[in-house]
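So the chains spell out like this:
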Amino acid sequence: MAPKRKSAAPNRSFKVSDQIQRDLAELIARELKDPRVGMVTLQGVEVTPDYAHAKVYFSLLIGDPDETQAALNQAAGFLRNGLFKRLHIHTVPTLHFIYDRTTERAADMNALIAKAVASRGPEDEVQ
């Protein structure tokens, strides 16, 4: 009986996601000329197991998140075509851009913590 081979699919999926993220970042910075797309940072890419779809999470330094998301989703075909020329995989996924609010939430939490710490009196100090 032949030994079972380990599937390389999970590792390959991570590699493909990572490569898509790198190539997309470059394409958005260099090729995309839409003024609605400002300073975008790609936070991560999740690819479906069949490589048909990819969720691309992004954050924004300046600009309107909804407007930027609409512009990126409108340019998804153009960006997918650019990926097709760069990636050496059979199926280049359809791109779906999603605004990632994690950094906003973290800033809000930090502000709440700072406010709570500032409102504590000296008698509240733990000894």
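Just so it is clear, the model here is predicted, and its values are computed rather than measured.

With that settled, consider the overall build of the protein chain. Counting its secondary structure elements, the protein chain contains four helices and three strands. Going from N to C terminus, the protein chain has its helices and strands arranged as α-β-β-α-α-β-α. Per-residue burial for the protein chain yields a buried fraction of 29% across its 127 residues. Sequence separation of at least 24 residues holds for 61% of the intrachain contacts in the protein chain that already meet a minimum separation of 6.

With 87% of its residues at a pLDDT of 70 or more, the protein chain shows a mean pLDDT of 86. Confidence, expressed as mean pLDDT per element, reaches its minimum in the protein chain at helix H4 (residues 102–119) with 86 and its maximum at strand S3 (residues 94–99) with 96.

Attention now goes to the pairing of S3. Within a regular strand, side chains alternate between the sheet's two faces. Here S3 shows a clear split, with Leu95, Phe97 and Tyr99 buried on one side and none of Thr94, His96 and Ile98 buried on the other. Direction of pairing for strand S2 (residues 53–60) relative to S3: parallel, over a ladder of six bridges. Bridge pairing in S3 links Val56 to Phe97.

Counting 27 residues, the largest nonpolar core has Ile20, Leu24, Ile28, Leu79, Leu83, Leu95 and Phe97 as the members making the most contacts within it. Sort the elements by how many residues they give to this core and helix H1 (residues 9–30) lands first, with five residues. Setting aside anything within four residues of it in sequence, one finds Ile20 in contact with Val45, Val47, Leu83, Leu87 and Pro93.

Taken together, the buried positions of helix H2 (residues 65–74) are Pro65, Thr68, Ala71 and Leu72. The buried residues of H2 occupy an angular sector of 130° when projected down its axis, which confines them to one face. Turned more than 90 degrees off the buried face of H2, the exposed positions are Asp66 and Gln74.

One can find Thr68 in helix H2. Judged by relative accessible area, which is 0%, Thr68 ranks as buried. The residues touching Thr68, leaving out its near neighbours within four places in the chain, are Arg36, Val37, Val40, Phe58 and Leu60.

Judged by pairing direction, the sheet is mixed, and its three strands sit side by side in the order S1-S2-S3 without closing on themselves. Of all strands in the sheet, those bounded by a partner on one side alone are strand S1 (40–47) and S3. For this sheet, the mean angle separating the axes of adjacent strands, direction not counted, is 25°. Relative to S2, S1 runs antiparallel, the two being bridged by seven bridges. Pairing of Leu42 across the sheet is with Phe58, part of S2.

Calculation notes
- Numbers given for residues are sequential positions, taken from 1 along each chain in its written order.
- Note on the predicted model: pLDDT of at least 70 is required for a residue's local features to be given, and 80 or more for side-chain atom pairs to be given and counted; whole-chain, interface and lining totals, by contrast, use all residues.
- The basis for the side-chain values is all heavy atoms of the structure; hydrogens and waters are excluded.
- Secondary structure counts use DSSP, requiring at least four H or I residues in a row for a helix and at least two E residues in a row for a strand, with both numbered from the N terminus.
- Per-residue accessibility, obtained with a 1.4 Å probe over protein chains only, is compared with the maximum for each type, and a residue is labelled buried under 20%, exposed over 50%, and partly exposed between these values.
- Any two residues whose heavy atoms approach within 4.5 Å are treated as being in contact.
- On a scale of 0 to 100, pLDDT captures the predictor's confidence in every residue.
- For two strands to pair, DSSP has to find at least two bridges joining them.
- For our purposes a nonpolar core is just a set of buried Ala, Val, Leu, Ile, Met, Phe, Trp, Tyr and Cys residues, chained together by side-chain atoms within 4.5 Å.
- Think of it as the arc spanned by the lines of direction from the helix axis to the C-beta atoms.
- Think of each axis as a best-fit line through the C-alpha atoms, taken over the contacting stretch in the case of a helix, with angles from 0 to 180 degrees between the N-to-C directions.

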